[in-house]
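Overview (structure and organization)
These are the residues of each chain, in order.
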Amino acid sequence: MKKTLIIVTVFVFVFSCKQKEETKTIEKEWSTAEKIANANGFENWKKVSELQFTFNVDRDTTHFERSWTWHPKTDEVMMVLGKDTIVYNRKSVDSTSMNADKAFINDKYWLLAPFQLVWDTSASISDTSVVEAPISKTQLNKITITYSDDGGYTPGDAYDLFYDDDFMLKEWIYRKGNSKEPSMMTTWENYEDFNGIKIAKTHKRPNEDWTLHFTNIKVVK
């Protein structure tokens, strides 16, 4: 009888351990959004204390730029635009800092869109499909992130993101107000690793003399 009880106890213990291991495996399974974010170093973001970058747009013969310093742990932001410098905290945006904050949200999105897939929990993300990418005309994976009609500076917008089997973005389509037709499409290229954070430094529109690119990037841990 005792021997039988021991065998049953061992079986229950082994079965319980197996269930716990299977549960851990399930818990560790990442969503597509998490896989894209982590392919770009999202696991290192928690260590970042300061991010600096300059947002540039070159169109034909014109050049535009603005520079940012962001302390994500405190949400303090500094913008330098020409001779003007604005410092504010994102936890207390008011009428004097709102335009700067709108610009920051735009520029940060271009810089860290793979992370926004995880950060923007109120947005909906579609299932993955394999399609012909709009710019390269190659077969890429595609997901769409759609924002709610409520809240934010640009409610209801949608982005179609095209990524390779390594979960790195290669191009995207922006659709204002979730319109059927693209409002803008660009490449994602010229990736570089900055202290564990991978950033696509260059975005180009097809058949246009237009380039959005980042310079003076610094990731401080």
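Everything discussed here concerns the structure shown above.
These notes cover the structure that comes with them. Numbers given to residues run from 1 along each chain, matching the order in which its sequence is written. Side-chain atom pairs in this predicted model are given and counted only at pLDDT of 80 or more, local residue features only at pLDDT of at least 70, and totals for whole chains, interfaces and linings cover all residues. Side-chain measures were taken over the full set of non-hydrogen atoms in the model, leaving aside hydrogen atoms and water.

1. Considerations on the sheet that holds strand β11 (residues 189–194)
- Pairing in this open sheet of seven strands is antiparallel, and the strands run β4-β3-β2-β1-β13-β12-β11 from one edge to the other. The outermost strands of the open sheet, each flanked by one partner alone, are β4 (84–89) and β11. Looking at each pair of strands side by side, their axes are set apart by 15 degrees on average, direction ignored.
- Two strands form a pair only when DSSP identifies at least two bridges running between them. Segments assigned H or I by DSSP are reported as helices when at least four residues long, segments assigned E as strands when at least two residues long, and all are numbered from the N terminus. Of the pairings in the sheet, the one linking strand β3 (residues 76–81) to β4 comprises six bridges and is antiparallel in character. When the sheet's bridge partners are listed, Val80 is paired in β4 with Thr85.
- Any two residues having at least one pair of non-hydrogen atoms within 4.5 Å are treated as being in contact. Geometry is summarised by axes, namely lines fitted to C-alpha atoms with helices restricted to the contacting stretch, and by angles between N-to-C directions that run from 0 to 180 degrees. Along the sheet, helix α3 (residues 98–119) contacts β1 (50–59), β2 (62–71), β3, β4, β12 (197–204) and β13 (210–220); its crossing angle with β2, the most-contacted strand, is approximately 70 degrees.

2. Examining the packing of aromatic side chains
- The pairing test for Phe, Tyr and Trp rings, Trp by its six-membered ring, is centres within 6.5 Å, and the orientation test on the planes gives stacked under 30 degrees, edge-to-face over 60, and tilted for anything in between. Applying the stated criterion to the full structure yields 21 aromatic pairs.
- A ring pair is formed by Phe53 and Phe214, whose centres lie 5.9 Å apart and whose planes are at 70 degrees; its orientation type is edge-to-face. Residue Phe53 is located in strand β1, and its partner Phe214 is located in strand β13; the two are separated by 161 residues in the primary sequence.
- What makes Phe53 buried here is its relative accessible area of 1%.
- By relative accessible area, which is 4% here, Phe214 ends up buried. Partly exposed residues are those whose accessible area sits between 20% and 50% of the maximum for their type, while under 20% is buried and over 50% is exposed, using a 1.4 Å probe and protein chains only.

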